[in-house]
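So the chains spell out like this:
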Amino acid sequence: MKFFVDTADIGEIREMNEAGLIDGVTTNPSLILKANRPMRDVIAEICESVDGPVSAEVTALTAEEMIREGKLLAGIASNVCIKLPLTLDGLKACKHLTDEGFETNVTLCFSATQALLAAKAGATYVSPFIGRLDDININGMELIADIRRIFDNYDFETQILAASIRTLNHVREAALIGADVATVPTSTLRALVKHPLTDKGLENFMSDWKKSGQTIA
Ligand code: E4P
């Protein structure tokens, strides 16, 4: 499973990239607001820092405008993936942009049938939001499993990009189900590294090594 990082914080992205942990980046208008800098600059810097796809989201609501904005965003760097909302206009824009050879990520997907439509429109990625479904007491992980089954039934090439990830278990379960990608906040990525037995084991090894009086020289 590929890992994308779900942030527009360039410092965090660079650190995670240096550790070889990430295959791409996703942003959205709320993350751009947090970055508090011009979107064009933020996306350009991120695209320079990572080799993989960087999702940049359109903000228009009509297909025509989405296509125009999408092309502007794609003009920033060759690894921009145009993020479009799962609306009829978003799907029209997806079909158009995909046919022209752009990478697309259809976002705000909350049902398996919406995902099916995104695949039919040729999306490179579809982003089902796990956490936001869990928030309203609907099992977000069941959605990932349903989409996996539907895409496999019909050999759709659209990649399932598990989004709105809130817990380590979301990552584990998405991987078990076979999501192609998980986009993860940096706090979750950091938490994935940690295990109390790793910390305890390291502490013991360090203490015994000190007692041995040796050095690796
Ligand atoms: C995905 O592309 C979205 O940016 C993101 O995963 C949304 O997550 P949230 O529900 O935590 O805002």
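The name an unreviewed UniProt entry assigns to the protein chain is Probable transaldolase, from the organism Aureimonas glaciei. If you open the UniProt record of the protein chain and go to Sequence similarities (unreviewed entry), you find "Belongs to the transaldolase family. Type 3B subfamily."

Asks: Is there a simple way to explain the site of the ligand in this structure?
Replies: Surveying the vicinity of the ligand reveals the residues Asp-6, Thr-26, Asn-28, Thr-107, Ser-127, Phe-129, Gly-131, Arg-132, Ala-163, Ser-164 and Thr-183. Class assignment of the residues belonging to the shell around the ligand gives a composition of 2 nonpolar, 7 polar and 2 charged.

Asks: Any chance you could explain the confidence of the model for the protein chain here in plain terms?
Replies: Detail in the predicted coordinates should be disregarded across regions flagged by low pLDDT. Overall, the predicted model of the protein chain reaches an average pLDDT of 97, with 100% of residues at or above 70. Across the whole predicted complex the pTM is 0.96, and at the interface the ipTM reaches 0.97.

Asks: How should I be thinking about the pairing of strand β4 (residues 80-85) in this particular structure?
Replies: If a strand is regular, its side chains alternate between the two faces of the sheet. Among the 6 residues that make up β4, 5 are buried, leaving the element largely enclosed by the rest of the structure. Where strand β3 (residues 54-57) meets β4, 4 bridges bridge the pair, whose relative direction is parallel. Looking across to β4, one finds that Val-54 is bridged to Val-80. Following the backbone out of β3, through helix α4 (residues 63-74) and into the adjacent parallel β4, one traces a crossover that is right-handed. Relative to strand β5 (residues 104-109), β4 runs parallel, the two being bridged by 4 bridges. Across the sheet, the residue bridging to Ile-82 is Thr-104, located in β5.

Asks: Whenever I open this one, the packing of helix α1 (residues 10-18) against helix α3 (residues 39-49) confuses me. Can you help?
Replies: The description of two packed helices rests on the angle between their axes and on the distance between the axes. For the pair α1 and α3, the least separation of the axes is 10 Å and the interaxial angle reads 10°. With respect to α3, the axis of α1 lies roughly parallel. Between α1 and α3, the contacting residues are Ile-10, Ile-13, Arg-14 and Asn-17 on the first element and Glu-45, Ile-46 and Ser-49 on the second.

Asks: Hey, could you run me through the sheet that holds strand β1 (residues 2-6) in this one?
Replies: Adjacent strands of a sheet pair through backbone hydrogen bonds, lying either parallel or antiparallel. Pairing is parallel in the closed barrel, where 8 strands are placed in the order β1-β2-β3-β4-β5-β6-β7-β8. Taking each pair of neighbouring strands and ignoring which way they run, the sheet shows an average axis angle of 30°. Bridge analysis of β1 against strand β2 (residues 24-26) gives 3 bridges, and the strand direction is parallel. Across the sheet, the residue bridging to Val-5 is Val-25, located in β2. Most of the contacts of α4 go to β4, to which it runs at about 155°, and overall it touches β3 and β4.

Asks: What is the right way to look at the UniProt feature "active site" (unreviewed entry) in the protein chain in this model?
Replies: Within this numbering scheme, the UniProt entry marks Lys-83 as carrying the feature "active site" (unreviewed entry). Along the chain, Lys-83 falls in strand β4.

Asks: Help me understand the environment of Glu-157, please; the structure alone is not making it clear to me.
Replies: Within the secondary structure layout, Glu-157 lies in the loop between α8 (140-154) and β7 (159-162). Separated by 34 residues in sequence, Glu-157 and Ala-123 have C-alpha atoms that sit 8.6 Å apart.

Asks: Is there a simple way to think about unusual backbone geometry in this case?
Replies: Among all residues except glycine, the phi angle is most often negative; among peptide bonds, the trans geometry is most common. A positive phi is found at Asn-36, a non-glycine position, where the angle reads about 55°. One can find Asn-36 in the loop between α2 (29-35) and α3. A positive phi angle is found at Ser-164, which is not glycine, with a value near 55°. With respect to the helices and strands, the residue Ser-164 is situated in the loop between β7 and α9 (168-177).

Asks: It is not clear to me how the nonpolar core should be interpreted in this structure. Could you clarify?
Replies: Side chains of nonpolar character tend, in soluble globular proteins, to be buried together. Ranked by size, the top nonpolar core spans 56 residues in total, and within it Ala-118, Val-126 and Ala-162 carry the most contacts. Among all residues touching Ala-118, those that are not within four sequence positions of it are Leu-86, Leu-91, Cys-94, Val-106, Cys-109, Ala-123, Val-126 and Thr-158.

Asks: What's the story with α4 in this structure? I'm lost.
Replies: The terminal C-alpha atoms of α4 lie 16 Å apart, and with 12 residues this matches the ideal 16 Å at 1.5 Å per residue to within 8%. Regarding α4, the residues found buried are Ala-63, Met-66, Ile-67, Gly-70, Leu-73 and Ala-74. Down the axis of α4, the buried set is contained in an arc of 125°. They therefore lie on one face. Elements that come into contact with the buried residues of α4 comprise α3, β3, β4 and α5 (88-99).

Analysis parameters
- Residues numbered from 1 in each chain as written.
- Predicted model: local features only at pLDDT ≥ 70, side-chain atom pairs only at ≥ 80, totals over all residues.
- UniProt positions renumbered as here; feature names shortened; annotations may be inferred.
- Near = placed C-beta within 6 Å.
- Nonpolar A, V, L, I, M, F, W, Y, C, P; charged D, E, K, R; others polar.
- pLDDT = per-residue confidence, 0-100.
- Buried ≥ 20, exposed ≤ 12 C-beta atoms within 10 Å, placed from the backbone.
- Helix = DSSP H or I, 4+ residues; strand = E, 2+ residues; numbered from the N terminus.
- Pairing = 2+ DSSP bridges.
- Right-handed = clockwise from strand over helix to strand, strands pointing away.
- Axes fitted to C-alpha atoms, helices over the stretch in contact; angles between N-to-C directions.
- Parallel < 35°, antiparallel > 145°, perpendicular 65-115°, else oblique.
- Contact = placed C-beta atoms within 7 Å.
- Core = buried A, V, L, I, M, F, W, Y, C linked by C-beta atoms within 7 Å.
- Expected span 1.5 Å × (residues − 1).
- Arc of directions from axis to C-beta.

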